[in-house]
Amino acid sequence: MKPFKTHRGVVVPLNRANVDTDQIIPKQFLKSIQRTGFGRNLFQDWRYLPDGRNNPDFPLNQERFADASILVTGNNFGCGSSREHAVWALTEYGIRVILAPSKKRDGGVVPAFADIFKNNALKNGILAIEMPSKEIDEIFEAITCYHGLHATVDLEKQTIVFHASKEFSFKFQIDQAIRERLLKGLDDIGLTLQKEEAIGEYERQHNPSPGAR
Amino acid sequence: MFASKKTLFEKIWSRHVVANLDVSTVLLYIDRHLVHEVTSPQAFDGLRAAGRGVRRPDLTFATMDHNVPTDDRTRILDPISRAQIEALAHNCRQFKIRLFDLNDAQQGIVHIIGPELGLTLPGMTIVCGDSHTSTHGAFGAFALGIGTSEVEHVLATQCLPQRKPKTFQVEFDGALPKGVTAKDLILKLIGAIGTAGATGYVFEYAGQAIRDLSMEGRMTICNMSIEAGARAGLIAPDDKTFDYISKGNRPFTPKGETLDKAIAEWKKLPTDAGAKFDRTLRIDATKLAPQVTWGTSPGMVGDVTSPVPEPDKVPGYSKADVEKALEYMGLTPGTPMTDVKVDVVFIGSCTNGRIEDLRAAAKIIQGRRVAQGVKLMVVPGSQTVLKQAEGEGLDKIFKEAGADWRQSGCSMCLAMNPDQLKPQERCASTSNRNFEGRQGKGGRTHLVSPEMAAATAVEGHFVDLRRWEGNAR
């Protein structure tokens, strides 16, 4: 995996909560046995009109967001199906960073990202950043004010700087183990295989074979 | 001592830790890895590219379900679907993985056949590249859905790096009213806490209403845990669990003395009295009504007796999101749900495609006709369910009512095969997701129980099953 240190790019808004993976990449595109070829069908049903032309109302199709690589969206992004194809579609389109808010509800917190999606994103070097609602609202507002808003994400410093006429920035929180893996671009399977002895020992102690217990 | 009191989940977790990786992550051993055609080809390619093998092919089991035709199984017309199915067969041959293919008498939806074959047992860790893997939690197993990179990881190492989720106990007190089912319990819960209400948690479902449920009903509840954002859902194993495992043709269960010993161990699994959960919730099951979703998220759900909501009066959803959902669904606020007419009824899926679901639906349909203009499609979850249902004559009941009786597979739950809704067709579905386009581009899905689906097929619109005269018998 390519290490993630800093990234600068155009910020594109998708101001909806609960964007599910069926929406990110509909099932008719899951038949491929490749990891590539999903980018053009990212957000298919929102991005294209029934006749196949670009839907001009959808942000990704708007000229000001051309080549966007930082997606800012609502909470519970990536809910639903475990399909990693959703992440492959996002990466192939060019998205490297996703910003979403955690929200308070009934005394609890509604997280920014769905669990499986967040794991899948990490495995593919997409940085999924959870931020307070208030900050995400400010970003949405800044996007409407500044044409082609750029931002720079620095994973080492855990900051995101928005290059508006007046620059503003936020610190963000991230699990340190995840940060480490992204910064170094570590291969998870390779890491686990370093524990091969422990795995073998576990198998000797607990016989996991079918019918054995 | 307080610290020795553990929940069911904690007992399974601690027994599967192979190593600590960092402060927040452990390496967890995986007892069963279930594989299907859609989320695995890229994982096998990854293994080949890195020159790695499958560590435990004997713990890995594959089937074809998502893409398969439910009419004529001898030919798959879509060449891309066929390529995916052939890729799985090829990968299983190369890596020596047991495959339940389309010619196998026990083929079916992966989450239906796992328990049927006896692959799913209490106390296990089970993964599959499919979010509805939570189904297997009904047996007191920690079962979770994973992405394709993780599928590759488990193939290569039989382990998965995992951060420990928090625990969330939901108690359903009292007995369910007639006409209210396991599906209604889980839809009610999702409506109450939202589709991200349990993100970062594993559920443990408890209470009388859960104990009263059959294994099939328990699987329905656990199946949709993911729809509340949870990583998994568990139910403590009990005599019903052991009975299910001991009976029937389940080639992979332990037998004889080994089974007796296993049951003795499984009896130690339930949560210790006084063990603490990170979160708890109680729901009075006696007061529940049949549930119907009205929107484009499983959390957009209400009692069948409630009208389509006003956009600004839905807890947990913004007015704009509800407006978008109602526009997509073609519904007007204030319309009674019982006035909403459907075009299609789908009975099947890993949520409600088991024998008991088909029996319950058949009981409602028996001696009646599907309403004019309504298509009813019944898709058994597996070949085993299909044969059992045909043995009991359920297929005849459905066919005589005018239904389309199909072969086993995921079918219209995700509509990857030709079983799809047309734009703006409205469907009462026993599946698990009512997302935009889920059952076909522009299709409108309402999630319901099998009983509600059957009654809706008869009437042509939603009914309150508790008061529906057809449910009197």
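Remember, it's a predicted structure, so these values are computed and weren't measured experimentally.

Cut-off values and rules
Residues numbered from 1 in each chain as written. Chains lettered and ligands numbered in written order. Predicted model: local features only at pLDDT ≥ 70, side-chain atom pairs only at ≥ 80, totals over all residues. Helix = DSSP H or I, 4+ residues; strand = E, 2+ residues; numbered from the N terminus. Rg over C-alpha atoms; globule rule 2.2 N^0.38 Å. Contact = placed C-beta atoms within 7 Å. Pairing = 2+ DSSP bridges. Buried ≥ 20, exposed ≤ 12 C-beta atoms within 10 Å, placed from the backbone.

A word on the overall build of chain B
The helix and strand tally for chain B stands at 16 helices and 19 strands. Since a compact globule built from 473 residues should have a radius of gyration of about 23 Å, the 21 Å found for chain B is in line with a globular shape. Overall, chain B is about 55 × 55 × 45 Å in size when its C-alpha atoms are taken along their principal axes. In chain B, the share of contacts with a sequence separation of at least 24, taken over all contacts with a separation of at least 6, comes to 76%.

Thoughts on the environment of Ile12 of chain B
Residue and element names in this part refer to chain B. Tracing the chain through its elements places Ile12 in helix H1 (residues 8–15). Along the primary structure Ile12 and Gly123 are separated by 111 residues, whereas in three dimensions their C-alpha atoms are 5.5 Å apart. Apart from residues lying up to four places away in sequence, Ile12 is in contact with Gly123, Thr125 and Phe142.

Focus on the environment of Ala320 of chain B
Within the fold, Ala320 of chain B resides in helix H11 (residues 319–329). Placed 100 residues apart in sequence, Ala320 of chain B and Gln420 of chain B show a C-alpha to C-alpha distance of 28 Å.

Describing the sheet that holds strand S19 (residues 444–447) of chain B
The pairing of strands in a sheet comes from backbone hydrogen bonds and takes either a parallel or an antiparallel form. All names here are of chain B. In space, the five strands of this open sheet follow the order S17-S16-S15-S18-S19, with parallel pairing throughout. On the outer flanks of this sheet lie strand S17 (404–405) and S19, each paired with one strand and no other. Bridge count for strand S16 (residues 375–378) against S17 is two bridges, and the pairing is parallel. Directly across from Met377, in S17, lies its bridge partner Asp404.

Thoughts on the interface of chain B and chain A
Counting residues at the interface gives 60 residues for chain B, matched by 47 residues for chain A. For the side of chain B that touches chain A, the secondary structure elements donating two or more residues are strand S1 (17–20), strand S2 (25–29), helix H2 (41–50), helix H3 (79–95), helix H5 (148–157), strand S8 (159–163) and helix H10 (256–266) of chain B. With seven residues, the top contributor of residues to the side of chain B that touches chain A is H5 of chain B.

Some details on the pairing of strand S3 (residues 97–105) of chain A
Residues and elements named next belong to chain A. Where strand S2 (residues 68–73) and S3 come together, three bridges link them in parallel fashion. Of the residues in S3, the one forming a bridge with Ile70 is Val97. Inspection of the sheet shows S3 paired to strand S5 (residues 127–132) by six bridges, in the parallel sense. Across the sheet, the residue bridging to Ile98 is Ala128, located in S5. In the sheet, S3 pairs with strand S4 (residues 108–110) via three bridges, with the strands oriented antiparallel. Counterpart to Arg105 in the pairing with S4 is Gly108.

Here's the deal with the pairing of S2 of chain A
Residue and element names in this part refer to chain A. Summarising burial for S2: six of the six residues are buried, a large majority. Pairing of strand S1 (residues 6–14) with S2, which is carried by five bridges, proceeds in the parallel orientation. Its bridge partner being in S2, Val11 is matched across the sheet by Ile70.

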